[in-house]
Amino acid sequence: IKTPQGFSTTDVYICDDENDAMSKVGIIVNGRAAPDCRIPMFALAEEYIGGKEFAVNMMSTADGIECTDAWLYRKEVGEGVARYISADM
């Protein structure tokens, strides 16, 4: 369960069951502003896939698509949350 504002691992929770997921939705949709100063009106549910995580940033130009950078993220998972611990370019 995660915030639609998508700030890295802020407000991202790994849930064990439906009750746990609904309690995390309540944490996200609580009427308070998220880190980007917007108030979340809903939460997103995504399947958690363990392992290495890569991010590839690209830019579209008139000449085509250019890869600007690529990252390998390392994260730790514990107590229902995943937190990024480092990123290598």
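Residues numbered from 1 in each chain as written. Predicted model: local features only at pLDDT ≥ 70, side-chain atom pairs only at ≥ 80, totals over all residues. Heavy atoms only, no water.

A. The overall build of the protein, seen in detail. Of regular secondary structure, the protein possesses one helix and five strands. Secondary structure of the protein in N-to-C order comes out as β-β-α-β-β-β. Against the 2.2 N^0.38 benchmark of 12 Å for 89 residues, the protein shows a C-alpha radius of gyration of 16 Å, more extended than a compact globule. Counting only C-alpha atoms, the protein reaches 50 × 30 × 20 Å along its principal axes. When each of the 89 residues of the protein is scored for burial, the buried share is 19%. Of the accessible surface of the protein, which amounts to about 6,500 Å², a share of 54% is contributed by carbon and sulfur atoms. Taking the 8 positively charged and 15 negatively charged side chains of the protein as two groups, their mean positions are separated by 4 Å. (Helix = DSSP H or I, 4+ residues; strand = E, 2+ residues; numbered from the N terminus. Rg over C-alpha atoms; globule rule 2.2 N^0.38 Å. Buried < 20%, exposed > 50% of the residue type's maximum accessible area, 1.4 Å probe, protein only. Areas by Shrake-Rupley, 256 points an atom, 1.4 Å probe, with all protein chains shown as cover. Lys, Arg positive; Asp, Glu negative; His and termini not counted. Charge placed at Lys NZ, Arg CZ, Asp CG, Glu CD.)

B. Expanded view of the nonpolar core. Within the largest apolar cluster, five residues are counted, these being Ile1, Tyr13, Ala21, Ile28 and Val81. Excluding its chain neighbours within four sequence positions, the residues that come into contact with alanine 21 are Ile1 and Cys15. (Core = buried A, V, L, I, M, F, W, Y, C linked by side-chain atoms within 4.5 Å. Contact = heavy atoms within 4.5 Å.)

C. Local environment of the pattern of salt bridges. Under the counting rule described, the total for this entry stands at five salt bridges. Its salt-bridge partner being aspartate 36, residue arginine 38 comes within 2.6 Å of it at the nearest N-O pair. Using a relative accessible area of 48% as the deciding quantity, one classes arginine 38 as partly exposed. The residue arginine 74 makes a salt bridge to aspartate 88 at a minimum N-O spacing of 2.2 Å. Of this pair, arginine 74 sits in strand S4 (residues 64-78) while aspartate 88 is found in strand S5 (residues 81-88), placing the two residues 14 residues apart along the sequence. (Salt bridge = Lys/Arg side-chain N within 4 Å of Asp/Glu carboxyl O.)

D. Local environment of the environment of threonine 3. Residue position: threonine 3 is located in strand S1 (residues 2-7). For the pair threonine 3 and serine 23, spaced 20 residues apart in sequence, the C-alpha separation works out to 13 Å. Excluding its chain neighbours within four sequence positions, the residues that come into contact with threonine 3 are Thr10, Asp11, Ile28, Pro40 and Leu44.

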